[in-house]
Amino acid sequence: ENIITSTNAGNTLDLSTSPSAHTITLTTTHLSGGFDGSVDGVNFINASVMIGGTGNDTLTGTNLAGSIWTIGAPFLYTVGTNILTFSAIETAIGGSNNDIFNISGSRTINLNGGLGNDQFVFANSAMLNGTMDGQGGNDTLDLQVYANGLGVTLTAAGSTDGMNGLVTAVLPAFSNVDILLGSTSATNDTLTGANFDATWHLYDGINNQYAIGVQT
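The structure contained in this document is the topic of the report that follows. Predicted, not measured: the structure shown is a model, and the values here were computed from it.

### A few points about the overall build of the chain
Looking only at helices and strands, the chain features zero helices and 24 strands. By the compact-globule yardstick of 17 Å for 216 residues, the chain fits well, its C-alpha radius of gyration being 18 Å. Viewed in the frame of its principal axes, the chain has a C-alpha envelope of about 55 × 30 × 30 Å. Split into buried and exposed, the 216 residues of the chain put 44% on the buried side. When contacts within the chain are restricted to residue pairs at least 6 apart in sequence, those whose partners lie at least 24 apart make up 48%. For the chain, the exposed area adds up to about 10,000 Å²; of that, 52% sits on carbon and sulfur atoms.

### Quick word on a nonpolar patch on the surface
Side chains of Leu180, Leu191, Trp200 and Leu202 sit close together on the surface and give an oily, nonpolar patch of about 380 Å² of accessible area. Note on placement: tryptophan 200 falls in strand S23 (residues 199-201).

### A closer look at the nonpolar core
Phe86, Leu111 and Phe122 are the most contacted members of the largest nonpolar core, which has 43 residues in total. Contacts of phenylalanine 122, omitting those with residues within four sequence positions, involve Ile103, Leu128, Leu141, Asp142, Leu143, Val145, Tyr146, Val170 and Leu171.

### With respect to the sheet that holds strand S10 (residues 91-93)
Strand order in this open sheet of eleven strands is S4-S3-S2-S6-S10-S13-S16-S20-S19-S18-S22, and the pairing throughout is mixed. Edge positions in the sheet fall to strand S4 (42-47) and strand S22 (190-192), since each has one partner strand and no second. If you compare each strand with its neighbour and ignore which way they point, the axes differ by 20° on average. Sheet topology note: the strand S3 (residues 35-39)/S4 ladder contains four bridges and is antiparallel. The residue of S4 that forms the bridge with phenylalanine 35 is alanine 47.

### Topic: the packing of aromatic side chains
With the rule as written, the count across this model stands at seven aromatic pairs. Between phenylalanine 75 and phenylalanine 86, the ring centres sit 5.5 Å apart and the planes meet at 65°, which makes this aromatic pair edge-to-face. With phenylalanine 75 in strand S8 (residues 75-79) and phenylalanine 86 in strand S9 (residues 82-87), the pair connects residues that are eleven residues apart, well separated along the chain. Judged on exposure class, the residue phenylalanine 75 and its partner phenylalanine 86 are both buried. Within the aromatic cluster, the residues linked to one another by ring pairs are Phe35, Trp69, Phe75, Tyr77, Phe86, Phe101 and Phe120.

### A look at the sheet that holds strand S17 (residues 140-142)
Neighbouring strands of a sheet are bound in pairs by backbone hydrogen bonds; such pairs are parallel or else antiparallel. Taking strand neighbours across the sheet as the criterion, the nine strands line up as S1-S5-S9-S8-S7-S11-S14-S17-S21 in an open arrangement whose pairing is mixed. With partners counted over all chains shown, the strands left at the sheet margins are strand S1 (12-14) and strand S21 (179-181), one partner each. Between one strand axis and the next, the sheet turns by 15° as a mean value, whatever way the strands run. Bridge count between strand S11 (residues 99-103) and strand S14 (residues 119-122): four bridges; the pairing is parallel. Paired with isoleucine 100 across the bridge in S14 is glutamine 119.

Cut-offs used in this document
- Residues numbered from 1 in each chain as written.
- Predicted model: local features only at pLDDT ≥ 70, side-chain atom pairs only at ≥ 80, totals over all residues.
- Heavy atoms only, no water.
- Helix = DSSP H or I, 4+ residues; strand = E, 2+ residues; numbered from the N terminus.
- Rg over C-alpha atoms; globule rule 2.2 N^0.38 Å.
- Buried < 20%, exposed > 50% of the residue type's maximum accessible area, 1.4 Å probe, protein only.
- Contact = heavy atoms within 4.5 Å.
- Areas by Shrake-Rupley, 256 points an atom, 1.4 Å probe, with all protein chains shown as cover.
- Patch = residues over 30% accessible without salt bridge, like charges linked within 9 Å, V, L, I, M, F, W, Y side chains within 5 Å.
- Salt bridge = Lys/Arg side-chain N within 4 Å of Asp/Glu carboxyl O.
- Core = buried A, V, L, I, M, F, W, Y, C linked by side-chain atoms within 4.5 Å.
- Pairing = 2+ DSSP bridges.
- Axes fitted to C-alpha atoms, helices over the stretch in contact; angles between N-to-C directions.
- Phe/Tyr/Trp six-rings, centres within 6.5 Å; stacked < 30°, edge-to-face > 60°.

Right, dumping it as structure tokens:
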């Protein structure tokens, strides 16, 4: 069964009156500019606007290369020239390919990278009121354009890989992060290790490593 079948751009899938928690999965791009996928196993075709309900909704992106999430005003998911505008989504999840999440402003959403080598790129002064989980792959937390010094605290080794932690006043919790890039303009970033036996490998200021056991 298809919820949306029109081939015109601008199709809206509106779940705003639904109190249920919905699982929304994008499967591929559509020739008319939107995305095909499913909601709770029911297929839709060529959606270009997605409005979640009042429950705890998740949106999972395609497994296509070039997936970019704009966590700003508005929220967008793009692959090439195909664009989905989305709102009222509590958790955004990347597919099995490499995803880029560009965060700007103060935004409330949980971000999960999926299985690829994902990048979570924060604009200057951006704040994420939610959790960030790199999940599988070699995932990067990129804070390079922040103008002010940042305080990053590691709390444990990640359950999948990398490290868990937080960034004071920026990100309350991250997990499974493999690469951390601090501000390139501020000179007072701090990195505090977790309360576990750990080893610091300090090389050239670029490829430094922090390890708990064999996990870095």
